[in-house]
Amino acid sequence: MQGSSLVLRAAAASPRSALRARKPLLSLRMVENIEQLREDYRKQNKTCFVLGASGETGKALLKEIVKGNIFSKVTSIGRRTLNFEDDSYKDVVQEVVDFEKLDEYSSVFQDHDVGFCCLGTTKAKAGEAGFIRVDHDYVVKSAQLAKAGGCKHFNLESSNGADKGSSFLYLKVKGQVEAEVQEFNFDRYTIFRPAVLMCDRQESRPAEWIARKFLAPISYLFPTALSVPVTTVVRAMVNNAVMPSDQKVELLDNKAIHRIGTLEEKKKT
(Lines give C-alpha, C1' and ligand atoms only; values in the text may rest on other atoms or scores of the structure.)
Protein backbone atom coordinates (compact mmCIF):
# COMPACT_ATOMS: atom_id res chain seq x y z
CA MET A 1 0.00 0.00 0.00
CA GLN A 2 1.60 3.27 -1.09
CA GLY A 3 1.16 6.74 0.32
CA SER A 4 -0.72 7.84 3.39
CA SER A 5 -4.15 7.15 2.00
CA LEU A 6 -5.91 4.72 -0.26
CA VAL A 7 -8.37 6.13 -2.78
CA LEU A 8 -11.45 3.98 -3.25
CA ARG A 9 -12.26 4.51 -6.87
CA ALA A 10 -15.99 4.90 -7.38
CA ALA A 11 -17.59 4.36 -10.74
CA ALA A 12 -18.03 7.71 -12.44
CA ALA A 13 -21.63 8.79 -12.76
CA SER A 14 -23.02 8.85 -16.27
CA PRO A 15 -22.90 12.27 -17.98
CA ARG A 16 -26.68 11.99 -18.22
CA SER A 17 -27.00 11.56 -14.48
CA ALA A 18 -27.52 14.49 -12.11
CA LEU A 19 -25.93 12.53 -9.28
CA ARG A 20 -23.12 14.50 -7.71
CA ALA A 21 -20.89 12.19 -5.71
CA ARG A 22 -17.31 12.31 -4.52
CA LYS A 23 -14.85 9.45 -4.25
CA PRO A 24 -14.69 8.18 -0.67
CA LEU A 25 -11.29 8.22 0.95
CA LEU A 26 -9.97 5.48 3.19
CA SER A 27 -6.95 6.44 5.26
CA LEU A 28 -4.34 3.93 6.27
CA ARG A 29 -5.18 4.65 9.90
CA MET A 30 -8.80 3.58 9.32
CA VAL A 31 -7.64 0.26 7.87
CA GLU A 32 -5.46 -0.41 10.89
CA ASN A 33 -8.02 0.70 13.49
CA ILE A 34 -11.42 -0.42 12.25
CA GLU A 35 -12.18 -2.05 15.62
CA GLN A 36 -11.35 1.21 17.42
CA LEU A 37 -13.53 3.15 15.01
CA ARG A 38 -16.42 0.82 15.79
CA GLU A 39 -15.83 1.27 19.52
CA ASP A 40 -15.69 5.06 19.21
CA TYR A 41 -18.88 5.00 17.17
CA ARG A 42 -20.60 2.81 19.76
CA LYS A 43 -19.94 5.44 22.43
CA GLN A 44 -21.94 8.00 20.44
CA ASN A 45 -25.17 6.09 21.21
CA LYS A 46 -26.53 6.45 17.71
CA THR A 47 -29.73 4.79 16.56
CA CYS A 48 -30.52 3.24 13.20
CA PHE A 49 -33.24 1.63 11.13
CA VAL A 50 -33.03 -1.07 8.48
CA LEU A 51 -35.52 -1.19 5.61
CA GLY A 52 -35.95 -4.53 3.88
CA ALA A 53 -34.58 -6.87 6.55
CA SER A 54 -36.61 -9.75 5.10
CA GLY A 55 -34.49 -9.74 1.94
CA GLU A 56 -31.07 -11.34 1.59
CA THR A 57 -29.01 -8.16 1.94
CA GLY A 58 -31.22 -6.65 4.62
CA LYS A 59 -31.22 -9.87 6.63
CA ALA A 60 -27.43 -10.10 6.47
CA LEU A 61 -27.10 -6.41 7.33
CA LEU A 62 -29.32 -6.69 10.38
CA LYS A 63 -27.25 -9.66 11.53
CA GLU A 64 -24.01 -7.70 11.10
CA ILE A 65 -25.41 -4.70 12.97
CA VAL A 66 -26.66 -6.82 15.86
CA LYS A 67 -23.36 -8.69 16.04
CA GLY A 68 -21.35 -5.47 16.00
CA ASN A 69 -23.47 -3.84 18.68
CA ILE A 70 -22.54 -0.35 17.49
CA PHE A 71 -26.01 1.21 17.77
CA SER A 72 -27.88 1.92 21.00
CA LYS A 73 -31.18 1.14 19.28
CA VAL A 74 -31.89 -0.85 16.12
CA THR A 75 -35.24 -0.76 14.35
CA SER A 76 -36.37 -3.03 11.54
CA ILE A 77 -39.03 -1.47 9.32
CA GLY A 78 -40.92 -3.84 7.06
CA ARG A 79 -44.24 -5.16 5.85
CA ARG A 80 -44.31 -8.08 8.26
CA THR A 81 -42.93 -9.23 11.60
CA LEU A 82 -39.74 -11.24 11.33
CA ASN A 83 -39.09 -14.36 13.39
CA PHE A 84 -35.69 -14.52 15.05
CA GLU A 85 -34.45 -17.72 16.66
CA ASP A 86 -31.32 -16.09 18.09
CA ASP A 87 -31.64 -14.24 21.42
CA SER A 88 -29.17 -11.63 20.16
CA TYR A 89 -32.09 -10.03 18.28
CA LYS A 90 -34.19 -9.58 21.41
CA ASP A 91 -33.63 -5.81 21.54
CA VAL A 92 -34.39 -5.19 17.87
CA VAL A 93 -37.53 -3.07 17.56
CA GLN A 94 -39.83 -4.22 14.79
CA GLU A 95 -42.14 -1.76 13.08
CA VAL A 96 -44.67 -3.17 10.62
CA VAL A 97 -45.87 -0.69 8.00
CA ASP A 98 -48.09 -0.60 4.95
CA PHE A 99 -45.80 0.74 2.24
CA GLU A 100 -48.85 1.84 0.25
CA LYS A 101 -49.75 4.22 3.09
CA LEU A 102 -46.37 5.28 4.40
CA ASP A 103 -47.53 8.78 5.31
CA GLU A 104 -49.60 7.18 8.04
CA TYR A 105 -46.43 5.70 9.54
CA SER A 106 -44.26 8.82 9.64
CA SER A 107 -43.66 8.36 13.37
CA VAL A 108 -41.83 5.10 12.63
CA PHE A 109 -39.15 7.08 10.81
CA GLN A 110 -38.54 9.61 13.57
CA ASP A 111 -35.45 9.90 15.76
CA HIS A 112 -33.06 7.65 13.85
CA ASP A 113 -29.53 8.88 13.28
CA VAL A 114 -28.72 6.42 10.51
CA GLY A 115 -30.88 4.69 7.92
CA PHE A 116 -30.07 1.65 5.79
CA CYS A 117 -32.31 0.91 2.81
CA CYS A 118 -32.18 -2.56 1.25
CA LEU A 119 -35.65 -2.56 -0.26
CA GLY A 120 -35.98 -4.21 -3.64
CA THR A 121 -37.75 -6.72 -5.83
CA THR A 122 -37.60 -7.79 -9.47
CA LYS A 123 -39.72 -7.22 -12.54
CA ALA A 124 -40.08 -11.00 -12.89
CA LYS A 125 -41.51 -11.30 -9.39
CA ALA A 126 -43.65 -8.16 -9.14
CA GLY A 127 -44.23 -7.13 -12.75
CA GLU A 128 -43.04 -3.80 -14.17
CA ALA A 129 -45.48 -1.66 -12.18
CA GLY A 130 -44.78 -3.57 -8.98
CA PHE A 131 -41.04 -3.30 -9.46
CA ILE A 132 -41.25 0.48 -9.91
CA ARG A 133 -43.54 0.79 -6.90
CA VAL A 134 -41.15 -1.08 -4.60
CA ASP A 135 -37.74 -0.04 -5.90
CA HIS A 136 -38.68 3.57 -6.61
CA ASP A 137 -41.81 4.72 -4.82
CA TYR A 138 -41.29 2.92 -1.51
CA VAL A 139 -37.60 3.80 -1.35
CA VAL A 140 -37.99 7.48 -2.19
CA LYS A 141 -40.93 7.94 0.17
CA SER A 142 -39.08 6.16 2.97
CA ALA A 143 -36.06 8.42 2.45
CA GLN A 144 -38.30 11.48 2.52
CA LEU A 145 -39.87 10.43 5.82
CA ALA A 146 -36.46 9.54 7.25
CA LYS A 147 -35.13 12.99 6.42
CA ALA A 148 -38.19 14.63 7.97
CA GLY A 149 -37.72 12.43 11.03
CA GLY A 150 -34.18 13.62 11.63
CA CYS A 151 -32.03 10.97 9.92
CA LYS A 152 -28.53 12.32 9.31
CA HIS A 153 -26.88 9.49 7.36
CA PHE A 154 -28.85 7.59 4.73
CA ASN A 155 -27.36 4.46 3.15
CA LEU A 156 -28.85 3.16 -0.09
CA GLU A 157 -28.25 -0.22 -1.67
CA SER A 158 -28.38 0.45 -5.40
CA SER A 159 -26.83 -1.50 -8.28
CA ASN A 160 -23.76 -1.59 -10.45
CA GLY A 161 -24.52 0.35 -13.63
CA ALA A 162 -27.33 2.44 -12.14
CA ASP A 163 -28.10 5.28 -14.55
CA LYS A 164 -31.34 7.25 -14.79
CA GLY A 165 -30.71 7.64 -18.52
CA SER A 166 -30.35 3.90 -19.12
CA SER A 167 -32.58 2.11 -21.63
CA PHE A 168 -32.80 -0.83 -19.19
CA LEU A 169 -35.66 -0.41 -16.73
CA TYR A 170 -33.82 -1.86 -13.73
CA LEU A 171 -30.77 0.37 -14.08
CA LYS A 172 -32.89 3.38 -15.00
CA VAL A 173 -35.03 3.09 -11.88
CA LYS A 174 -31.98 2.59 -9.66
CA GLY A 175 -30.39 5.71 -11.15
CA GLN A 176 -33.56 7.74 -10.71
CA VAL A 177 -33.79 6.73 -7.06
CA GLU A 178 -30.15 7.65 -6.40
CA ALA A 179 -30.70 11.13 -7.80
CA GLU A 180 -34.07 11.76 -6.15
CA VAL A 181 -32.87 10.68 -2.70
CA GLN A 182 -29.92 13.04 -3.04
CA GLU A 183 -32.37 15.93 -3.37
CA PHE A 184 -33.43 15.39 0.26
CA ASN A 185 -30.01 16.75 1.24
CA PHE A 186 -29.04 14.35 4.01
CA ASP A 187 -26.00 15.38 6.03
CA ARG A 188 -24.37 12.24 4.66
CA TYR A 189 -25.68 10.08 1.84
CA THR A 190 -23.90 6.85 0.87
CA ILE A 191 -24.76 4.86 -2.24
CA PHE A 192 -23.60 1.27 -2.61
CA ARG A 193 -23.43 -0.12 -6.13
CA PRO A 194 -22.67 -3.84 -5.83
CA ALA A 195 -22.34 -6.09 -8.85
CA VAL A 196 -23.95 -9.55 -8.86
CA LEU A 197 -24.64 -10.55 -5.26
CA MET A 198 -23.24 -13.93 -4.29
CA CYS A 199 -25.68 -15.60 -1.90
CA ASP A 200 -28.18 -18.43 -1.68
CA ARG A 201 -31.52 -16.68 -1.90
CA GLN A 202 -34.57 -18.16 -0.22
CA GLU A 203 -36.70 -16.82 -3.05
CA SER A 204 -36.21 -18.09 -6.57
CA ARG A 205 -34.45 -15.78 -9.02
CA PRO A 206 -33.39 -18.06 -11.91
CA ALA A 207 -31.40 -15.40 -13.78
CA GLU A 208 -29.36 -14.56 -10.69
CA TRP A 209 -28.83 -18.26 -9.91
CA ILE A 210 -27.42 -18.84 -13.40
CA ALA A 211 -25.25 -15.72 -13.13
CA ARG A 212 -23.85 -16.81 -9.77
CA LYS A 213 -23.00 -20.28 -11.07
CA PHE A 214 -21.30 -18.80 -14.13
CA LEU A 215 -19.44 -16.14 -12.14
CA ALA A 216 -18.26 -18.40 -9.32
CA PRO A 217 -15.00 -19.46 -11.01
CA ILE A 218 -14.41 -15.94 -12.35
CA SER A 219 -14.98 -14.51 -8.88
CA TYR A 220 -12.35 -16.84 -7.51
CA LEU A 221 -9.75 -15.48 -9.93
CA PHE A 222 -10.94 -11.86 -10.05
CA PRO A 223 -12.90 -11.32 -6.81
CA THR A 224 -13.72 -7.64 -7.30
CA ALA A 225 -14.60 -7.70 -10.99
CA LEU A 226 -18.17 -8.92 -11.51
CA SER A 227 -19.61 -10.07 -8.20
CA VAL A 228 -19.52 -9.58 -4.45
CA PRO A 229 -20.61 -11.71 -1.48
CA VAL A 230 -23.58 -10.27 0.40
CA THR A 231 -21.57 -10.57 3.61
CA THR A 232 -18.95 -8.25 2.14
CA VAL A 233 -21.59 -5.71 1.13
CA VAL A 234 -23.10 -5.49 4.61
CA ARG A 235 -19.71 -5.27 6.29
CA ALA A 236 -18.87 -2.42 3.94
CA MET A 237 -22.09 -0.68 4.97
CA VAL A 238 -21.27 -0.97 8.66
CA ASN A 239 -17.57 -0.19 8.32
CA ASN A 240 -18.27 2.85 6.18
CA ALA A 241 -20.86 4.12 8.66
CA VAL A 242 -18.35 4.21 11.52
CA MET A 243 -15.71 6.02 9.46
CA PRO A 244 -15.68 9.79 9.93
CA SER A 245 -16.42 11.62 6.69
CA ASP A 246 -16.88 15.21 5.56
CA GLN A 247 -18.42 14.14 2.27
CA LYS A 248 -22.13 14.69 1.82
CA VAL A 249 -22.42 12.13 -0.98
CA GLU A 250 -20.37 8.96 -1.26
CA LEU A 251 -20.59 6.55 -4.18
CA LEU A 252 -19.08 3.11 -3.58
CA ASP A 253 -18.71 0.87 -6.60
CA ASN A 254 -18.11 -2.87 -6.45
CA LYS A 255 -14.35 -2.53 -6.01
CA ALA A 256 -14.76 -0.03 -3.16
CA ILE A 257 -17.31 -2.29 -1.49
CA HIS A 258 -14.82 -5.14 -1.59
CA ARG A 259 -12.10 -2.97 -0.04
CA ILE A 260 -14.17 -1.57 2.80
CA GLY A 261 -16.01 -4.82 3.40
CA THR A 262 -12.82 -6.80 3.91
CA LEU A 263 -10.97 -4.45 6.25
CA GLU A 264 -10.98 -6.98 9.08
CA GLU A 265 -9.38 -9.54 6.79
CA LYS A 266 -6.74 -7.04 5.67
CA LYS A 267 -5.90 -6.25 9.28
CA LYS A 268 -5.36 -9.95 10.06
CA THR A 269 -2.92 -10.27 7.18
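Residues numbered from 1 in each chain as written. Predicted model: local features only at pLDDT ≥ 70, side-chain atom pairs only at ≥ 80, totals over all residues. Heavy atoms only, no water.

As named in an unreviewed UniProt entry, the protein is Protein HTATIP2, taken from Pleurodeles waltl.

1. Concerning the overall build of the protein
The number of helices and strands found in the protein is nine helices and 11 strands. Within the protein, the fraction of its 269 residues that count as buried is 49%. Partitioning the intrachain contacts of the protein with sequence separation of at least 6 by distance along the chain shows that 71% fall at a separation of at least 24. As displayed, the protein offers around 13,600 Å² of accessible surface, 50% of which is attributable to carbon and sulfur atoms. (Helix = DSSP H or I, 4+ residues; strand = E, 2+ residues; numbered from the N terminus. Buried < 20%, exposed > 50% of the residue type's maximum accessible area, 1.4 Å probe, protein only. Contact = heavy atoms within 4.5 Å. Areas by Shrake-Rupley, 256 points an atom, 1.4 Å probe, with all protein chains shown as cover.)

2. With respect to the environment of Glu39
Inspection of the secondary structure puts Glu39 in helix α2 (residues 34–42). With 29 residues separating them in the primary sequence, Glu39 and Gly68 have C-alpha atoms 9.4 Å apart.

3. Examining the side chain of His153
Assignment of secondary structure puts His153 in strand β7 (residues 153–157). Here the side chain of His153 touches Asn155 through a polar contact of 3.2 Å, side chain to side chain. Excluding residues within four positions of it along the chain, His153 makes contact with Asp113, Val114, Gly115, Arg188, Tyr189, Thr190, Asn240, Ala241 and Glu250. (Polar contact = N/O pair within 3.5 Å; in protein donor to acceptor, adjacent residues only side chain to side chain.)

4. Structural notes on empty space enclosed by the protein
All chains considered together, the criterion is met by one cavity of 30 Å³ or more. In this model, the largest cavity occupies a volume close to 40 Å³. Lining of the largest cavity is provided by Leu119, Asp135, Val139, Leu156, Glu157, Ser158, Lys174, Val177 and Glu178. Secondary-structure elements contributing two or more residues to the lining of the largest cavity are α4 (123–148), β7 and α5 (169–182). (1 Å grid on protein atoms, 1.4 Å probe; cavity = no way out; pocket = protein on both sides within 12 Å on 5 of 7 lines; lining within 4 Å. Points joined across faces, edges and corners; volume = space filled by probe spheres on them.)

5. Brief notes about the pairing of strand β3 (residues 47–51)
Taken across its five residues, β3 has five buried, putting it largely inside the fold. The alternating pattern of β3 places Thr47, Phe49 and Leu51 and Cys48 and Val50 on opposite faces, both of which are buried. The pairing of β3 with strand β4 (residues 73–78) spans five bridges and is parallel. Each residue of the ladder has a partner; that of Thr47, found in β4, is Lys73. (Pairing = 2+ DSSP bridges.)

6. A look at the nonpolar core
In terms of nonpolar packing, the biggest core is built from 37 residues, with Leu61, Leu62, Ile65, Phe71 and Phe116 touching the most fellow members. Within the residue set of this core, elements represented by two or more residues are α2, β3, α3 (56–68), β6 (114–117), α7 (230–242) and α8 (254–261). Top element by residues in this core is α7. It accounts for eight residues. Not counting chain neighbours up to four residues away, the residues in contact with Phe71 comprise Tyr41, Lys46, Thr47, Cys48, Ile65, Val114 and Phe116. Counting 29 residues, the second largest nonpolar core, distinct from the first, contains Val134, Val140, Ala143 and Leu251. (Core = buried A, V, L, I, M, F, W, Y, C linked by side-chain atoms within 4.5 Å.)

7. Structural notes on the pairing of strand β8 (residues 188–192)
Across the five residues of β8, five count as buried, placing the element largely inside the fold. Of the two faces of β8, the one holding Arg188, Thr190 and Phe192 and the one holding Tyr189 and Ile191 are both buried throughout. Regarding topology, α5 serves as the crossover connection from β7 to the parallel β8, and that connection is right-handed. (Right-handed = clockwise from strand over helix to strand, strands pointing away.)

8. Here we look at the packing of aromatic side chains
Evaluated as defined, the whole model comprises seven aromatic pairs. Relative to Phe109, the ring of Phe49 has its centre 5.9 Å away and its plane inclined at 80°; by these criteria the two rings are edge-to-face. Residue Phe49 is located in strand β3, and its partner Phe109 is located in the loop between β5 (93–96) and β6; the two are separated by 60 residues in the primary sequence. The residues Phe49 and Phe109 share a single accessibility class, namely buried. Judged by centre distance (5.1 Å) and plane angle (20°), the ring pair of Phe99 and Tyr138 falls under stacked. Linking Phe99 in the loop between β5 and β6 with Tyr138 in helix α4, this pair joins segments that are 39 residues apart in sequence. (Phe/Tyr/Trp six-rings, centres within 6.5 Å; stacked < 30°, edge-to-face > 60°.)

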